[in-house]
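Commentary on secondary and tertiary structure
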Amino acid sequence: ASNRTFTMIKPDAFGEGNSGAILKMIEEAGFKIVAIKATRLSAKLAGKFYAVHKERPFYNDLCNYMSSGPIIAAILEKDNAVEDFRKLIGATNPEEAAEGTIRKLYAKSIEANAVHGSDSDENAAIEGGFFFNQFEIQS
Ligand code: CMP
């Protein structure tokens, strides 16, 4: 069955004008955009979004980085969405990302890694709900 994942185009990729190229890769890989917006997180909201990483050494830097500029948030639909999207974006660390993946092409570093992708169906629903209400999601 078709299901959903959640993504963000992060401040590095947005700021360098790579949003269009990244969204093109996403659509060409068969994902349907069912919700999308450009927005900007405060450090506090970034902290809320990434609360699962609160105890990690990179948490503070991550919150500052994610609030450093505008982002695009989107909900995507496809069969096997979560797993297929993680394949499309590649490993968190761009040095380990496979050829042809979004992070291999556009990520700057393990932190400024161009895009986010949910790691489970449960988190996809939570993360999508963080940015969008039910009227903003196409069925
Ligand atoms: P993301 O997949 O959005 O989830 C957590 C984010 O923390 C990750 O992408 C990176 O932007 C950032 N990050 C920074 N350092 C690390 C690290 N050492 N390991 C994992 N994530 C990191």
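Keep in mind the model is a prediction, meaning the values are calculated, not measured. (Residues numbered from 1 in each chain as written. Predicted model: local features only at pLDDT ≥ 70, side-chain atom pairs only at ≥ 80, totals over all residues.)

1. A few points about the environment of Phe-135
The condition is simple: Going along the chain from the N terminus, every DSSP run of H or I of four or more residues is numbered as a helix, and every run of E of two or more is numbered as a strand.
Relative to the helices and strands, Phe-135 resides in the segment after helix 7 (121-131). Separated by 100 residues in the primary sequence, Phe-135 and Ala-35 have C-alpha atoms spaced 9.6 Å apart.

2. Structural notes on the UniProt feature "domain: Nucleoside diphosphate kinase-like" (unreviewed entry) in the protein
Note the threshold: UniProt positions are given in the numbering used here, feature names are shortened, and annotations may be inferred rather than shown by experiment.
Per the UniProt record, "domain: Nucleoside diphosphate kinase-like" (unreviewed entry) is found at residues 2-139. For residues 2-139, the helix share is 40%, the strand share is 20%, and the end-to-end C-alpha distance is 11 Å.

3. Looking at the UniProt feature "binding site: ATP" (unreviewed entry) in the protein
Put simply, the test is: Partly exposed residues are those falling between the two cut-offs: more than 12 but fewer than 20 other C-beta atoms within 10 Å of their own, whereas 20 or more means buried and 12 or fewer means exposed, with C-beta atoms placed from the backbone. Residues are defined as contacting one another if the C-beta atoms placed from their backbone atoms lie within 7 Å.
Following the UniProt record, one finds the feature "binding site: ATP" (unreviewed entry) at Lys-10, Phe-58, Arg-86, Thr-92, Arg-103 and Asn-113. With respect to the secondary-structure elements, Lys-10 resides in the loop between strand 1 (2-9) and helix 1 (11-15). The class of Lys-10 is buried, set by 25 C-beta atoms lying within 10 Å. When sequence neighbours within four positions are dropped, the list of residues in contact with Lys-10 reads Met-66, Ile-71, Ala-112, Asn-113, Ala-114, Val-115 and His-116. Summarising the element assignment, Arg-86 is placed in helix 5 (residues 81-89). For Arg-86, a count of 16 C-beta atoms within 10 Å corresponds to the partly exposed category.

4. What about the sheet that holds strand 2 (residues 32-39)?
Which entries qualify depends on this criterion: In this description, strands pair whenever DSSP reports at least two bridges between them. Whenever a helix is involved, its axis is fitted only over the stretch in contact; in every case the axis is a line through C-alpha atoms, and angles between N-to-C directions fall within 0 to 180 degrees.
Strand order across the open sheet formed by 4 strands is 2-3-1-4, with antiparallel pairing between neighbours. On the outer flanks of this sheet lie strand 2 and strand 4 (115-117), each paired with one strand and no other. Each strand axis lies, on average, 20° off the axis of its neighbour in the sheet, ignoring direction. Here helix 7 sits on the sheet and contacts strand 1, strand 2 and strand 3 (71-79); the angle it forms with strand 1, its principal contact strand, is near 55°.

5. Some thoughts on the site of the ligand
Convention followed: In this analysis, residues qualify as near a molecule or strand once their C-beta atom, positioned from backbone atoms, comes within 6 Å of it. As a working rule, the residues Ala, Val, Leu, Ile, Met, Phe, Trp, Tyr, Cys and Pro are called nonpolar, Asp, Glu, Lys and Arg charged, and the rest polar, with Gly in that last group.
Neighbouring the ligand are His-53, Phe-58, Leu-62, Thr-92, Ile-110, Glu-111, Asn-113 and His-116. Of the residues belonging to the shell around the ligand, the class tally is 3 nonpolar, 4 polar and 1 charged.

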